[in-house]
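Architecture at a glance
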Amino acid sequence: MDETTAERMRKMPMKALVKKVTGARDRDYLKLPETEEIWNRLPSDLELWFGLIMKDLEDPLALRCGPIDKSDDGYFEIWRAKRDRYFPETRPGYQPPRDSDETSDDEDGGGSDEDPFSPKR
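To start, this report covers the structure provided alongside it. (Residues numbered from 1 in each chain as written. Predicted model: local features only at pLDDT ≥ 70, side-chain atom pairs only at ≥ 80, totals over all residues. Heavy atoms only, no water.)

1. Points about helix H2 (residues 14-22)
Residues of H2 that are buried include every one of Met14, Leu17, Val18, Val21 and Thr22, and no others. All buried residues of H2 fall inside an arc of 120° around its axis, so they share one side. Those residues of H2 that are buried are in contact with helix H1 (3-11), helix H3 (33-41), helix H4 (47-56) and helix H5 (72-86). (Buried < 20%, exposed > 50% of the residue type's maximum accessible area, 1.4 Å probe, protein only. Helix = DSSP H or I, 4+ residues; strand = E, 2+ residues; numbered from the N terminus. Arc of directions from axis to C-beta. Contact = heavy atoms within 4.5 Å.)

Structure (structure tokens):
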């Protein structure tokens, strides 16, 4: 990216950057200068999530949101909430939940014998 384009990108609000990335006709979102600028502004705790969204899933629409605070931090706050809800494994320090195979609702591990689709008596 040349210096003029870089300067223009630095001045763009996050809303405009996200709109350009999500509205691009070219499917190679990673080559867009707007994607590079979002990456440059991104806090380190969102880098893994952003990589998953943009590179692995190729779903830039996941960047769309309507934060109350239109600053970069407003977007980052919403993106953290999305990350924590849908992709918690991309959160720094993530610990997978313990296996719950040891505990079950039924002592013999068989579960309920009732048919959940039968009418109640």
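Resuming the write-up.
2. A short note on the packing of H1 against H3
Close contact between H1 and H3 brings their axes to 10 Å; oriented N to C, the two are set at 60°. Considering the angle they form, H1 stands oblique to H3. For the crossing formed where H1 meets H3, the hand is right-handed. For the pair H1 and H3, the contacting residues are Thr5, Met9, Arg10 and Lys11 in the first and Pro33, Glu34, Glu37 and Arg41 in the second. Partitioning the contact of H1 with H3 into residue classes produces 2 nonpolar, 1 polar and 5 charged. (Axes fitted to C-alpha atoms, helices over the stretch in contact; angles between N-to-C directions. Parallel < 35°, antiparallel > 145°, perpendicular 65-115°, else oblique. Left-handed = near helix turned anticlockwise from the far one by under 90°. Nonpolar A, V, L, I, M, F, W, Y, C, P; charged D, E, K, R; others polar.)

3. Some details on the nonpolar core
Residues Met14, Ile38, Leu63 and Trp79 are the most contacted members of the largest nonpolar core, which totals 21 residues. Among the elements of the structure, H2, H4 and H5 are those that each provide at least two residues to this core. Once residues lying within four places of it in the same chain are set aside, the contact partners of tryptophan 79 are Met14, Val18, Ile38, Leu42, Leu46, Trp49, Leu63 and Cys65. (Core = buried A, V, L, I, M, F, W, Y, C linked by side-chain atoms within 4.5 Å.)

Taken by themselves, the reported measurements are silent on function.
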